[in-house]
Amino acid sequence: MALDQYQEEEEGMSFLDHLEALRWHLLRSVAAILIFTVLAFLAKSIVFGQIILGPSKIDFFTYRILCQIGNSLGITALCIDELPFTIQSRQMTGQFSMHMTSSFVVGFIAAFPYVFWEVWRFISPGLYDQEKNAARGAVFFVSLLFLLGAAFGYYVLSPLSINFLSNYQLDPSITNEFDITSYVTTLTMLVLASAIMFQLPVVVYFLSMSGLVTSKMLKAYRRHSIVVILVVSAIITPPDVISQLLIAMPILVLYEIGISIAKRLEKKRALKEAEYQRNRGSEDE
């Protein structure tokens, strides 16, 4: 009832009233991000010591799981017992600035469901009833896919990329000493890029609802999409084939899911059209 009343009030607003409403939605979203950012900043030992630096330690969850799988399959190569690199801070403000950056990223990820809910509250009153019904559950699915993508980037893509890059050597005389800025930037890029790429089914859903894409079109451009996905994966990941394939594979799966979603929407649309034609024919009789 409260949401319906809010939508009725928004529908009767003028342009300036909408701007004022947008301002408050943005302020609440920024406030939520800042709250989680401050909490993350205060919990330095957990956020930075365990979460941010987690993939740089051999006792990380992913490495332990890989070792267990390797032991059960008799593949000792899956056990990662060394990460031959050190993390340094070569700038006076390096540790503090990375503390701020990592806290903000964690705060943004934690606040994302609420932020998107605020955005949706502003957008939804301008939709038709049919569009609102079609987009029901958008906040849940967008948030779920975002968090799943972030988890994939953190638990799968990041540790395997860090393992590859730390073990890659041009010559044994060269030691890997990564700057804290480079480490945090790489980790953040992998996590956020995965979270954004996982929104593909939602994008396909709304494009299909608007009639801009069809399942036949998605099938026809499947090969082109594979090339685009591989190129994008190469851009947003470190320069190694493993990382590129790791992010490209789930995106290709999500692309196929998008085709299935488009098919279902087309079937529903066809059934509604057939029902409309039957009702119209009965009225003419």
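Note: the structure precedes this text.
As the structure is a computational prediction, the values presented were derived from the model and not from experiment.

Definitions and cut-offs
- Residues numbered from 1 in each chain as written.
- Predicted model: local features only at pLDDT ≥ 70, side-chain atom pairs only at ≥ 80, totals over all residues.
- Heavy atoms only, no water.
- Phe/Tyr/Trp six-rings, centres within 6.5 Å; stacked < 30°, edge-to-face > 60°.
- Buried < 20%, exposed > 50% of the residue type's maximum accessible area, 1.4 Å probe, protein only.
- Patch = residues over 30% accessible without salt bridge, like charges linked within 9 Å, V, L, I, M, F, W, Y side chains within 5 Å.
- Areas by Shrake-Rupley, 256 points an atom, 1.4 Å probe, with all protein chains shown as cover.
- Salt bridge = Lys/Arg side-chain N within 4 Å of Asp/Glu carboxyl O.
- Helix = DSSP H or I, 4+ residues; strand = E, 2+ residues; numbered from the N terminus.
- Lys, Arg positive; Asp, Glu negative; His and termini not counted.
- Charge placed at Lys NZ, Arg CZ, Asp CG, Glu CD.
- Core = buried A, V, L, I, M, F, W, Y, C linked by side-chain atoms within 4.5 Å.
- Disulfide = S-S within 2.5 Å.
- Expected span 1.5 Å × (residues − 1).
- Arc of directions from axis to C-beta.
- Contact = heavy atoms within 4.5 Å.

Any chance you could explain the packing of aromatic side chains here in plain terms?
Working definition: an aromatic ring pair is given by the centre-to-centre distance plus the angle between the planes. Under the counting rule described, the total for this entry stands at 16 aromatic pairs. An angle of 65 degrees between the planes, with centres 5.9 Å apart, marks the rings of Phe60 and Tyr63 as edge-to-face. Just as Phe60 is buried, Tyr63 falls in that class too. Taken together, the aromatic side chains of Phe60, Phe61, Tyr63, Tyr154 and Tyr155 make up a single cluster linked through ring pairs.

Would you mind showing me how to read a nonpolar patch on the surface here?
Where nonpolar side chains cluster on the molecular surface, the patch consists of Phe61, Ile65, Ile69, Leu73, Ile75 and Tyr155 and spans about 530 Å² of accessible area. At four residues, helix H4 (residues 61–73) tops the list of elements feeding residues into the nonpolar patch. Summarising the element assignment, Ile69 is placed in helix H4.

Can you walk me through a positive patch on the surface in this structure?
On the surface, a cluster of positive charge is made up of Lys216, Lys219, Lys263 and Lys267. Within the secondary structure, Lys267 sits in helix H12 (residues 241–284).

Would you mind showing me how to read the nonpolar core here?
Note on soluble globular proteins: their nonpolar side chains tend to be buried together. One finds Phe48, Ile52, Tyr63, Tyr183, Val184, Leu187 and Val191 to be the most contacted residues of the largest nonpolar core, which totals 27 residues. Secondary structure elements with two or more residues in this core: helix H3 (44–52), helix H5 (94–123), helix H7 (138–167) and helix H8 (180–197). In terms of nonpolar packing, the next biggest core, distinct from the first, is built from 11 residues, Leu157, Met197, Ile247 and Ile251 among them.

Looking at this model, I keep getting lost on the pattern of salt bridges. Mind explaining?
If charged atoms from side chains of opposite charge come close, those side chains can pair. Using the criterion set out here, one finds six salt bridges in the structure. For the salt bridge of Glu256 with Arg222, the shortest nitrogen-to-oxygen distance reads 2.8 Å. Taken as a pair, Glu256 in helix H12 and Arg222 in helix H11 (residues 222–236) lie far apart in primary sequence, 34 residues in all. Accessibility expressed as a relative area gives 33% for Glu256, which makes it partly exposed. Classification of Arg222 as partly exposed rests on a relative accessible area of 28%. Each of Arg28, Glu118 and Arg121 takes part in one network of salt bridges that share partners.

Explain the state of the cysteines here, please?
A covalent bond bridging the sulfur atoms of two cysteines is what the word disulfide describes. For the structure on display, the rule yields one disulfide. The disulfide bridge from Cys67 ends at Cys79, spanning 2.1 Å between sulfur atoms. With the S-S dihedral at roughly 85 degrees, the linkage between Cys67 and Cys79 falls on the right-handed side. Placement of the pair is Cys67 in helix H4 and Cys79 in the loop between H4 and strand S1 (85–88), with a sequence separation of 12 residues. Residue class for Cys67 comes out partly exposed when judged on its relative accessible area of 23%.

Quick question: what am I supposed to make of H4 here?
For the α-helix, the turn length of 3.6 residues means that residues three or four positions removed from each other point alike. Here H4 spans 18 Å end to end across 13 residues, near enough to the 18 Å set by a 1.5 Å rise per residue. Listing the buried residues of H4 in full gives Thr62, Tyr63 and Gly70. Projection of H4 onto a plane perpendicular to its axis shows the buried side chains occupying an angular sector of 95 degrees, all on one side. The exposed set on the far side of H4, more than 90 degrees from its buried face, consists of Gln68, Asn71 and Ser72. Looking at the buried side of H4, the elements it contacts are H7.

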